[in-house]
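Listed here are the chains, written in short residue letters.
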Amino acid sequence: MTTSASPPITDSRLDATKMRRISLASVIGTTVEWYDLFLFGTASALVFGKVFFPEFDGAVGTILSFLTFASAYLARMVGAVFFGHFGDRLGRKSMLLISLTAMGVATFAIGLVPGYDTIGVAAPLLLLGLRVIQGLALGGEWGGAVLMTVEHAPDKRRGFYGSMVQIGVPTGTLLANGAFLLVASNVSSSALLSWGWRIPFLASAVLVGVGVYIRLNIEETPSFQAVRQEGVKAKIPFFALMRRYWRQVLLGGVATLSTGSTFTLMVASGVSYGTKDLGHSKSLMLWAVMVSCGIAFLAIPYFGRLSDRVGRKPVIYAGIVAEAALAFPFFWLLDTGSAPAVFVAYALMMLAFSANYGPIATFLAELFGARVRYSGLSVAYMLSGLLGSAATPAITAWLLSLTGSSSSIAWYVLGAAALSLLGLLLLAETRFGDVDELGAESRPAVRQVGADA
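This structure is a prediction, so every number in the text was calculated from the model and none was measured.

Reading guide: rules and limits
Residues numbered from 1 in each chain as written. Predicted model: local features only at pLDDT ≥ 70, side-chain atom pairs only at ≥ 80, totals over all residues. Heavy atoms only, no water. Core = buried A, V, L, I, M, F, W, Y, C linked by side-chain atoms within 4.5 Å. Buried < 20%, exposed > 50% of the residue type's maximum accessible area, 1.4 Å probe, protein only. Helix = DSSP H or I, 4+ residues; strand = E, 2+ residues; numbered from the N terminus. Contact = heavy atoms within 4.5 Å. Polar contact = N/O pair within 3.5 Å; in protein donor to acceptor, adjacent residues only side chain to side chain. Salt bridge = Lys/Arg side-chain N within 4 Å of Asp/Glu carboxyl O. Axes fitted to C-alpha atoms, helices over the stretch in contact; angles between N-to-C directions. Left-handed = near helix turned anticlockwise from the far one by under 90°. pLDDT = per-residue confidence, 0-100. Expected span 1.5 Å × (residues − 1).

> Mind showing me how you'd approach the nonpolar core here?
Nonpolar side chains in soluble globular proteins tend to be buried together. Residues Phe48, Trp142 and Tyr346 are the most contacted members of the largest nonpolar core, which totals 115 residues. Considering each element in turn, this core owes the most residues, 16 residues, to helix H2 (residues 16–52). By size, the runner-up hydrophobic cluster in this structure holds five residues, among which are Ala299, Leu306, Val315 and Ala355.

Listed below in structure tokens is the structure:
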């Protein structure tokens, strides 16, 4: 493999105005993507079981709806490989524009799909197909957005700028739940099931247009420019990635899985459990999600900045341990039936999630060399979604139907946290790595016995 000295720091690294514009473009784009994705999750918990799976009883319909939700996670892996290949070959910017447009078209189309009562089994099949397209798009979107910020950011602020991309998750979720809450508060229950749920999906077209416009005005990253100028692109990035980095991909996915299981627990499974099993109103559960997402909006960049000072791993460790410690108290508070207790449960768990999630994007990006970083970051993160997020709603619904007790879900959360802690333990600290190093494939990103490399 050809190696080269690190390229000189470009003006974009030094120009705060450019850095803010790049960060804003990434945040808005990921907000749109996650709005579209979690809009589906909210609809799965509240309406899709009745609209697309009415032939099944309530529990089975909800499980089928969540399995459709989970289908996108398999597609995300395919999207990660596809967009990662072209992102490492052609550049970050073009892939971001394509993935955002694909997500917007699929989400808008979901708002137009007739229900089961109108076209029968074709309805859930169309829903499934569009969900898969959403997954393919997100598989390429997130990694590219992270790299646009991390590869432009000053070395001592990579954790902070990487975490700015992460606030797209709570912001997109807040918008998705806010859209549903607005519609649900202004139409009857029958109207919500008939046509009201479609409005938030159709409205996504406006957000996508804004995101595409902003992203047209950003420039390619210094790291990819260096790879292109030195002529060291990998011919088939995925093969090069798995030949040198398979341990980082696997361990990175395992280390990150608890972020997905915890967040999906709150925004999908928790909403379904609170409304269907505890009798809380839909409005209460949506407000709890929205308020906690507002907390995450502030907490995620704080923890990202903290990781620039103390390291990525200590902050992530603290978040995972906090998630595990709150697993049972989260459900104890929900089970009280008290509205204030619901808000406290969500606020505490969202703080734990924020500590875990804030530094994770930068941490994963720093595990891989510049030649295959788009592929490595995307595949590792989408693997974590497949392991931690995809099956969480369906598994928790199944556990509740089997045991009738929320403690079974708490044990599930504890298991996910334990696996993530193990994966993180086996990976090295990455804070001091050089993201522009073209020979970075030789860096010891897997933890050496006795010390972090």
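Once the structure has been displayed, the description carries forward.
> Looking at this structure, I do not really get the environment of Thr256. What am I missing?
Within the secondary structure, Thr256 sits in helix H12 (residues 237–277). For Thr256, a relative accessible area of 0% gives the class buried. Taking the C-alpha atoms as reference points, Thr256 and Tyr357, 101 residues apart in sequence, are found 8.2 Å from one another. The contact partners of Thr256, leaving out residues within four places of it in the chain, are Ile360, Leu364, Tyr381, Ser384 and Ser420. A polar side-chain atom of Thr256 sits 2.6 Å from the main-chain carbonyl oxygen of Gly252.

> How do you make sense of the pattern of salt bridges when you look at a structure like this?
When the charged atoms of two side chains lie near each other, side chains of opposite charge can form a pair. Under the defined criterion, the tally for this structure stands at seven salt bridges. Residue Asp155 pairs with Arg158 through a salt bridge whose shortest N-O separation is 3.1 Å. Two residues, Arg158 and Glu366, come together in a salt bridge whose shortest N-O distance is 2.8 Å. With Arg158 in helix H7 (residues 158–166) and Glu366 in helix H17 (residues 360–366), this residue pair connects regions lying 208 residues apart in the sequence. Each member of the pair Arg158 and Glu366 is classed as buried. Here the salt bridges do not stand alone but share partners, grouping Asp155, Arg158, Asp308, Arg312 and Glu366 into one network.

> Quick question: what am I supposed to make of the packing of H12 against helix H15 (residues 327–335) here?
Packed helix pairs are characterised by how far apart their axes lie and by the angle those axes make with each other. The N-to-C vectors of H12 and H15 enclose an angle of 35°; their axes lie 12 Å apart at closest approach. Two packed elements cross with a definite hand, and for H12 against H15 that hand is right-handed. Of the residues in H15, those in contact with Leu265, Met266 and Tyr273 of H12 are Phe330, Phe331, Leu334 and Asp335.

> What exactly am I supposed to notice about the confidence of the model for the protein chain here?
Keep in mind that low pLDDT regions are not for reading the predicted coordinates in detail. Of the residues in the protein chain, 89% reach a pLDDT of 70 or more, and the chain-wide mean stands at 84. In the predicted structure, residues 1–14 sits below a pLDDT of 50 and forms 29 contacts with residues beyond four places in sequence or in another chain. Throughout residues 448–453 the model reports pLDDT below 50, and contacts reaching past four residues in sequence, or to other chains, amount to nine contacts.

> Can you walk me through helix H14 (residues 312–325) in this structure?
It helps to recall that an α-helix has 3.6 residues per turn; residues three or four apart then point in one direction. Compared with an ideal rise of 1.5 Å per residue, which puts 14 residues at 20 Å, H14 spans 20 Å between its outermost C-alpha atoms and is within 8% of the ideal. Turning to H14, its buried residues number three or more, namely Arg312, Lys313, Val315, Ile316, Gly319, Ile320, Glu323 and Ala324.

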